[in-house]
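# A look at the structure
Below, each chain spelled out in residue letters.
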Amino acid sequence: MNLKYTIVLAAGLAACKHENKPQATQQQVTTRADDAHSFSDPKQAVVKHLNLKLTVDFDKKQICGMADWAISAKKGAKTIIFDTNDLQIDSVKVDGDSTSYSLGHEDEFLGRPLNVKINSASKRVSIWYKTSSDAAALQWLNPQQTADKKYPFLFTQSEAILARSWVPCQDSPGIRFTYDAKVSVPKELMAVMSASNVTQKNTSGTYQFNQKNAIPSYLMALAVGDLEFRSLGRNTGVYAEPSVIKKAAWEFEGLQKMMDSAEKLYGKYRWGRYDVLVLPPSFPFGGMENPELTFATPTIIAGDRSLVSLLAHELAHSWSGNLVTNATWNDMWLNEGFTNYFERRIMEKMEGKNYADMLAQLGFQELQGTLQDLGATNPDTKLKLDLKGRNPDDGLTDIAYEKGYCLLRVMENAAGRERFDAFLNKYFASHAFQTITTEEFINYYYKELIKGDKALGDKIAIEKWVYEPGLPDNCPKFTSARFDEVNKALEQWINGTAASALPTNAWSSHEWLHFVRHLPENITTTQMKELDKAFHFTQSGNSEVLGAWLLLSVKKRYVAAYPALNTFLENVGRRRFILPIYKQLAASEDGKKMAKDIYSKARPNYHYVAQESIDNLLK
Ligand code: BES
Ligand code: ZN
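Along each chain, residues carry numbers from 1 onward, in the same order as the chain's sequence is written. Labels are handed out in written order, letters beginning with A for the chains and numbers beginning with 1 for the ligands. The model is predicted, so local features are restricted to residues of pLDDT at least 70 and side-chain atom pairs to those at 80 or more, both for listing and for counting; the totals for chains, interfaces and linings are taken over all residues. Values reported for side chains reflect all heavy atoms of the structure, with hydrogen atoms and water molecules removed beforehand.

### Notes on the site of ligand 1
Nearness is judged by heavy atoms alone; a residue qualifies as near a molecule or strand once a single heavy atom is within 4 Å of it. In the vicinity of ligand 1 lie 17 residues, with Glu159, Gly286, Glu289, Glu314 and Tyr401 positioned nearest. A distance of 3.3 Å is found between a nitrogen atom of ligand 1 and a backbone nitrogen or oxygen belonging to glycine 287. The contact in question runs from a nitrogen atom of ligand 1 to an N or O atom on the side chain of glutamate 336, over 3.0 Å. Methods summary: accessible areas were calculated by the Shrake-Rupley approach with a probe of 1.4 Å, and residue burial reflects only the protein chains presented. When isolated, ligand 1 has an accessible area of 520 Å², and the protein chains bury 90% of it. Of all the secondary-structure elements, those providing two or more residues to the shell around ligand 1 are β19 (287–288) and α3 (309–316). By definition, any uninterrupted DSSP run of H or I lasting at least four residues is a helix, any uninterrupted run of E lasting at least two residues is a strand, and each is numbered from the N terminus. For the shell around ligand 1, the element with the most residues is α3, which contributes three residues. Residues are grouped as follows: Ala, Val, Leu, Ile, Met, Phe, Trp, Tyr, Cys and Pro are nonpolar; Asp, Glu, Lys and Arg are charged; all remaining types, including Gly, are polar. Residue composition of the shell around ligand 1, grouped by class: six nonpolar, five polar and six charged. Note that the domain bounds were set by an automatic or database domain assignment. Split by domain, the shell around ligand 1 shows at least three residues from each of two domains, domain 2 (230–317) and domain 3 (325–467). Two N or O atoms form a polar contact when they lie within 3.5 Å of each other; inside protein one atom must be a possible hydrogen donor and the other a possible acceptor, and for residues adjacent in sequence the pair counts only when both atoms belong to side chains.

### Notes on the sheet that holds strand β10 (residues 138–141)
Strands are treated as partners if at least two bridges between them are detected by DSSP. With respect to topology, four strands assemble into an open sheet ordered β10-β11-β15-β13, the strand pairing being antiparallel. The outermost strands of the open sheet, each flanked by one partner alone, are β10 and β13 (190–193). Averaged over neighbouring strand pairs, the angle between their axes works out to 15° when direction is ignored. Of the strand pairs in this sheet, strand β11 (residues 153–156) and strand β15 (residues 222–225) are connected by two bridges, and their pairing is antiparallel. Bridging across to β15, phenylalanine 155 finds its partner in alanine 223. Between the N-to-C directions of two axes lies an angle of 0 to 180 degrees, each axis being a line fitted to C-alpha atoms and, for a helix, fitted only over the stretch in contact.

### Focus: the pairing of strand β18 (residues 274–278)
The rule is simple: take the accessible area with a 1.4 Å probe, protein chains only, and divide by the maximum for that residue type; under 20% is buried, over 50% is exposed, in between is partly exposed. Burial of β18 is extensive: five of the five residues sit out of reach of the surface. Both faces of β18 are covered, namely the face carrying Tyr274, Val276 and Val278 and the face carrying Asp275 and Leu277. As paired strands, strand β17 (residues 236–240) and β18 are joined by four bridges and run parallel to one another. Residue threonine 236 lies in a different strand from β18, and its bridge partner there is tyrosine 274. Bridge count between β18 and strand β20 (residues 293–296): four bridges; the pairing is parallel. Each bridged residue has a counterpart across the sheet, and for leucine 277 the counterpart in β20 is phenylalanine 295.

### Considerations on the packing of helix α16 (residues 575–586) against helix α17 (residues 589–602)
Remark: α16 packs on α17, axes separated minimally by 7 Å, with the N-to-C direction vectors making an angle of 140°. One way to sum up the angle between α16 and α17 is to call them oblique. Along the contact surface, α16 presents Tyr582, Leu585 and Ala586, while α17 presents Gly591, Lys592, Met594, Ala595, Ile598, Tyr599 and Ala602. Class assignment for the residues of the contact of α16 with α17 results in eight nonpolar, one polar and one charged. By definition in this entry, angles of less than 35 degrees are roughly parallel, angles greater than 145 are roughly antiparallel, angles of 65 to 115 are roughly perpendicular, and the rest are oblique. In what follows, a contact means two residues having at least one pair of non-hydrogen atoms within 4.5 Å.

### Quick notes on the sheet that holds strand β2 (residues 45–57)
Ordered by their spatial adjacency, seven strands build an open sheet running β6-β5-β9-β3-β2-β12-β14, and the pairing between neighbours is mixed. In the strand order of this sheet, the two ends are held by β6 (97–98) and β14 (206–216), each with one partner. Examined bridge by bridge, β2 and strand β12 (residues 176–184) share seven bridges and lie parallel to one another. Paired with leucine 50 across the strands is tyrosine 179, a residue of β12.

### Things to note about the packing of aromatic side chains
Two numbers describe a pair of aromatic rings. These are the distance of the centres and the angle of the planes. A pair of aromatic rings is counted whenever rings of Phe, Tyr or Trp (Trp by its six-membered ring) have centres within 6.5 Å, and the orientation is called stacked for planes under 30 degrees apart, edge-to-face for over 60 and tilted otherwise. Across all of its chains, the model carries 46 aromatic pairs by this definition. A centroid spacing of 5.8 Å and a plane angle of 55° characterise the contact between tyrosine 269 and tryptophan 319, whose relative ring orientation is tilted. One end of the pair, tyrosine 269, is in the loop between α2 (255–266) and β18; the other, tryptophan 319, is in the loop between α3 and β21 (324–326), with 50 residues separating them in the sequence. Overall, tryptophan 319 belongs to the buried group, its relative accessible area being 1%. Measuring from ring centre to ring centre gives 5.5 Å for tryptophan 507 and phenylalanine 515, while their planes differ by 55°; the resulting arrangement is tilted. Overall, tryptophan 507 belongs to the buried group, its relative accessible area being 13%. For a Lys NZ or an Arg CZ to count as sitting over a ring, it must be within 6 Å of the ring centre and within 35 degrees of the ring normal. The ring of tryptophan 250 carries arginine 305 above its face, with NZ or CZ at 3.7 Å from the centroid.

### Here's the deal with unusual backbone geometry
In this structure, alanine 160 follows glutamate 159 across a cis peptide bond, with omega equal to 5°. Relative to the elements of secondary structure, alanine 160 occurs in the loop between β11 and β12. Located in the positive-phi region is lysine 61, a residue other than glycine, with phi close to 50°. Tracing the chain through its elements places lysine 61 in the loop between β2 and β3 (62–73). Within the chain, arginine 557 stands out as a residue other than glycine whose phi angle is a positive 50°. Tracing the backbone through its elements, the reader meets arginine 557 in the loop between α14 (543–556) and α15 (562–571). Classification of arginine 557 as partly exposed rests on a relative accessible area of 44%.

### Things to note about the coordination of the zinc ion (ligand 2)
Each protein donor to the zinc ion (ligand 2) is listed here as His313 (NE2), His317 (NE2) and Glu336 (OE); together their distances run 2.0 to 2.1 Å. Note on donors: an N, O or S atom is included if it sits within 2.8 Å of the metal, or within 3.2 Å for Na, K and Ca, and water is never included, so sites can look incomplete. Mapped onto the polypeptide sequence, the residues donating to the zinc ion (ligand 2) form the spacing pattern H-x3-H-x18-E. Under the relative-accessibility criterion, histidine 317 is labelled buried at 1%.

### Topic: the packing of helix α12 (residues 509–517) against α14
Where α12 meets α14, the closest approach of the two axes is 9 Å, and the angle between their N-to-C directions is 5°. Regarding the angle of α12 to α14, the classification is roughly parallel. Here Ser509, Trp512, Leu513 and Val516 of α12 come into contact with α14, specifically with Glu544, Val545, Ala548 and Trp549.

From the geometry alone we can't say anything about function, so treat these as descriptive.
Below you can see the structure in the form of structure tokens.
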């Protein structure tokens with residue numbers, strides 16, 4: 001990057017000025033270049049520590065701040081480059097002095113580079129800035145959009161490349177830094193971050209945070225709302241709005257046990273506390289593994305603890321992802337595939353093999369659907385992706401998660417569980433707080449798992465999995481004893497047994513999900529009515545089951561479910577649920593009209609990432 005673009009003069013008239021001294025970090029951090037999704041040039045200069053001062057203004061829907069970066073400049077460095085997206089840069093100083101800086105041309109997905117003049121002795125870059133009212137990472141909710149409907153709410157979602165829309169940063173997963181933050185919010189609200197958090201509101205409205213472990217920018221997170229906290233054990237707890245906290249604490253009661261199971265599998269938890277923040281329903285994901293504070297959708301509060309494997313997933317990221325991080329978004333399977341594997345191992349430890357087998361089966365069904373949609377020769381079905389020139393969010397499919405999972409199962413089966421677990425333990429320990437590319441992983445795998453055993457290497461055929469599209473033929477056959485029972489019940493029903501007479505008493509939501517997903521293609525609305533009467537799918541409080549049922553209802557034009565469909569789409573912003581339904585609606589002319597009608601009302605309730613996907617679909 002160069003400085004040929006508009007020179008913006010250091011104005012220094014920031015409305016909310018923050019002063020502070022950056023703290024240098026002790027941590028050894030690794031950096032890596034050639035990330036196609038960041039303008040930063042770590043070969044010249046990298047960030048090491050962030051001291052952030054923010055004021056959150058709900059009226060203006062704006063964060064006004066000062067990002068004070070401790071940097072490390074290499075010999076001969078002339079410029080440090082930050083990523084920004086829709087940020088207003090008010091002033092920049094280097095080591096306390098005004099300096100020249102420029103904002104480069106805007107890229108559709110990447111935003112604009114902020115080039116700041118430095119030299120190799122420069123230590124500190126301070127940036128005064130404001131966010132735009134439609135900053136991609138931020139969702140500003142009015143009281144009506146929260147559970148309690150009393151106070152507004154704000155949350156961030158930084159993964160994959162949205163951190164740059166609320167903090168000027170080197171927004172690459174290959175660059176790590178520690179942070180401190182001081183955040184001022186309206187006095188009646190509380191601020192929490194992906195860092196150490198207090199458990200009670202204070203009267204000043206100012207909250208301080210410290211993240212002492214070096215993290216990549218996509219793990220920076222902030223939420224502001226009317227929050228309460230409940231402890232769930234030694235180092236686990238939950239934050240939620242007052243009307244949700246009790247239900248959430250009940251639902252997540254097993255969180256401490258989950259932590260203990262995870263630690264037994266792959267080593268000590270390195271982040272101090274593990275708390276979960278339950279967000280309003282517009283949160284676009286199921287969960288987001290923000291360090292020390294997972295952000296979660298309220299749709300996992302099913303009332304029967306049946307959807308807690310999602311927390312196992314986010315907890316597992318504390319090792320795969322947060323401790324050992326994919327170097328670029330092309331390597332995302334290293335985050336998500338490993339995490340899916342770890343999640344299912346945790347669930348196996350807690351609930352037994354039959355339970356974990358159900359999760360693997362459901363995942364495999366999703367993988368088959370994705371392979372069918374994308375086509376088995378589509379390059380996006382390789383584990384190593386090539387997302388250059390694209391929004392990394394677009395390459396985000398089940399492939400990284402489920403094909404990645406399958407590969408780890410192949411390794412486990414071939415090497416034996418004991419040996420594979422020892423390998424994973426060592427992998428996490430030896431790469432802690434580092435980033436890793438697919439190629440580096442493959443080298444490590446040859447050195448530490450294969451160890452010259454050619455037969456073992458051939459049996460796994462890692463290169464095929466990573467660099468070739470589709471599903472290699474050494475993919476394991478997954479079976480599930482509990483789903484076999486569901487299949488039997490389905491057959492009975494198809495052969496005439498009344499729905500109410502099926503042996504469904506002991507079914508968990510996973511069995512129900514499998515049942516709904518495997519109802520016959522040619523099911524009639526009369527049959528759906530019978531099922532609904534017996535099992536109350538349209539009224540289901542389980543978001544997974546309801547989501548699958550509503551999808552089927554759209555496919556089959558089961559209009560009795562349409563009022564529930566409207567309510568669901570207007571309230572829930574979790575993209576994994578709503579996108580398939582919108583897609584199905586958009587498949588027919590009248591359906592598309594209906595989708596557009598619903599979306600016009602629902603859109604303000606969705607986060608930017610969900611809006612982006614659905615805008616594209618319905619345009
Ligand atoms: N890290 C992801 C969410 C994510 C991925 C956000 C890529 C942005 C870009 C998180 O851990 C995740 O995978 N969430 C899943 C739940 C999981 C159980 C599969 C989700 O939100 O559905
Ligand atoms: Zn994940």
